[in-house]
Amino acid sequence: MTVSYTTAQQAVEDASNIVLGYLKSGSYGVLYNLMSADFKSTFSKNDFENSFIGSTAVSSGQVSGAPKVYGANNEWAEQATTLFLTDGSSQKYLNVYHLENSAWTLFGTEEQ
């Protein structure tokens, strides 16, 4: 499915919501497929999926504010997100995306 966006910011926000949806549903293998090539060269799919074992499940999440798109060719983006966990706690993250083959891939996250 191809979706056209007016702005890169809209595309990044949509990518962030897709990531949140996969985290909520526990679809870590599918989420791995959305990761950047650099990430995949560092972590195997099995290691990525196993990293979630024993962690508190995500009940919901939300993006915060407009994403920041930057780089010489606008190939990088940052989006603040908040995860709400099933134990009642929440955690803020900064998701970093990289534009690869016309699609925004998740490069990594930083706990805030």
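Structural data are supplied above this passage.
Attention in this report is confined to the structure presented alongside it. Just so you know, these numbers come straight off a predicted model, no measurement behind them.

### Observations concerning the overall build of the chain
Argument step 1. Secondary structure summary: the chain contains 4 helices and 4 strands in total.
Argument step 2. For the chain, the α and β elements follow one another from N to C terminus as α-α-α-α-β-β-β-β.
Argument step 3. Its C-alpha radius of gyration of 14 Å places the chain within 12% of the 13 Å reference for a compact globule of 112 residues.
Argument step 4. With respect to the three principal axes, the spread of C-alpha positions in the chain is 40 × 30 × 30 Å.
Argument step 5. Counting only residues that meet the buried cut, the chain has 33% of its 112 residues in that class.
Argument step 6. Carbon and sulfur atoms form 49% of the exposed surface of the chain, whose accessible area is close to 6,700 Å².
Argument step 7. If you average the places of the 5 positive and of the 11 negative side-chain charges in the chain, the two averages end up 5 Å apart.

### A closer look at the packing of aromatic side chains
Argument step 1. Taken as a whole and judged by the stated rule, the model has 7 aromatic pairs.
Argument step 2. Plain terms: the ring middles of Phe 39 and Phe 43 are 4.8 Å apart, the flat faces sit at 35 degrees to each other, and that makes the pair tilted.
Argument step 3. On the accessibility criterion, Phe 39 (14% relative accessible area) is buried.
Argument step 4. Relative accessible area serves as the criterion here: at 39%, Phe 43 is assigned to the partly exposed category.
Argument step 5. Taking 5.2 Å as the distance between ring centres and 80 degrees as the angle between the ring planes, the aromatic pair formed by Phe 48 and Phe 52 counts as edge-to-face.
Argument step 6. We note Lys 68 situated over the ring of Tyr 70; from NZ or CZ to the ring centre the distance is 5.3 Å.

### A word on the sheet that holds strand β4 (residues 103–111)
Argument step 1. Taking strand neighbours across the sheet as the criterion, the 4 strands line up as β1-β2-β3-β4 in an open arrangement whose pairing is antiparallel. Of all strands in the sheet, those with a lone pairing partner are β1 (58–70) and β4, marking the two edges. The mean inter-strand angle of the sheet, taken between neighbouring strand axes irrespective of direction, is 30 degrees.
Argument step 2. Of the pairings in the sheet, the one linking strand β3 (residues 90–100) to β4 comprises 8 bridges and is antiparallel in character. Pairing of Tyr 97 across the sheet is with Leu 106, part of β4.
Argument step 3. Sitting on the sheet, helix α1 (residues 8–25) touches β1, β2 (76–85), β3 and β4, and the angle it makes with β1 is about 160 degrees.

### Points about the nonpolar core
Argument step 1. Within the largest apolar cluster, 21 residues are counted, with the highest numbers of intra-cluster contacts made by Leu 23, Tyr 97 and Trp 104.
Argument step 2. Mapped onto this core, the elements with two or more residues apiece are α1, α2 (28–33), β1, β2 and β4.
Argument step 3. No other element matches the 6 residues that α1 contributes to this core.
Argument step 4. In contact with Leu 23, other than residues within four places in its own chain, are Tyr 28, Leu 31, Phe 52, Val 58 and Leu 83.

### Examining the pairing of β2
Argument step 1. Pairing of β1 with β2 involves 9 bridges; the strand directions are antiparallel. The partner of Ser 60 across the bridge, within β2, is Phe 84.
Argument step 2. Hairpin connection from β1 to β2: 5 residues lie between these consecutive antiparallel strands, with Gly 71 at a positive phi of about 105 degrees.
Argument step 3. Sheet topology places β2 next to β3; 9 bridges connect them, and they run antiparallel. From the neighbouring strand, Glu 78 faces β3, where its bridge partner is Val 96.

What counts and what doesn't
- All residue numbers refer to positions counted from 1 along the written sequence of the respective chain.
- In view of the model being predicted, local features appear only for residues whose pLDDT reaches at least 70, and side-chain atom pairs are presented and counted only at 80 or more, with totals across whole chains, interfaces and linings using the full set of residues.
- Note: side-chain values were computed over all heavy atoms of the structure, leaving out hydrogens and water.
- Numbering of helices and strands runs from the N terminus; a helix is a DSSP stretch of H or I covering at least four residues, while a strand is a stretch of E covering at least two.
- Two things to know: the radius of gyration comes from C-alpha atoms, and the globule rule equals 2.2 Å times the number of residues to the power 0.38.
- Buried, partly exposed and exposed residues are distinguished by accessible area as a fraction of the type maximum, computed with a 1.4 Å probe on protein chains only: under 20%, between the cut-offs, and over 50%, respectively.
- Note on areas: Shrake-Rupley with a 1.4 Å probe; residue coverage comes only from the protein chains shown.
- Residues scored as positive are Lys and Arg, those scored as negative are Asp and Glu, and His as well as the terminal groups of each chain are ignored.
- By convention, charge coordinates are those of NZ in Lys, CZ in Arg, CG in Asp, or CD in Glu.
- The pairing test for Phe, Tyr and Trp rings, Trp by its six-membered ring, is centres within 6.5 Å, and the orientation test on the planes gives stacked under 30 degrees, edge-to-face over 60, and tilted for anything in between.
- Working rule: Lys NZ or Arg CZ, within 6 Å of ring centre, within 35 degrees of ring normal, means a charge sits over the ring.
- Note on pairing: two strands pair once DSSP finds at least 2 bridges between them.
- Comment: axis = line fitted to C-alpha atoms, over the contacting stretch for helices; angle = value between 0 and 180 degrees taken between N-to-C directions.
- Should any heavy atoms of two residues lie within 4.5 Å, those residues are considered in contact.
- Throughout this description, the term nonpolar core refers to a set of buried Ala, Val, Leu, Ile, Met, Phe, Trp, Tyr and Cys residues connected via side-chain atoms within 4.5 Å.

Without other data, these values stay purely geometric and don't point to any function.
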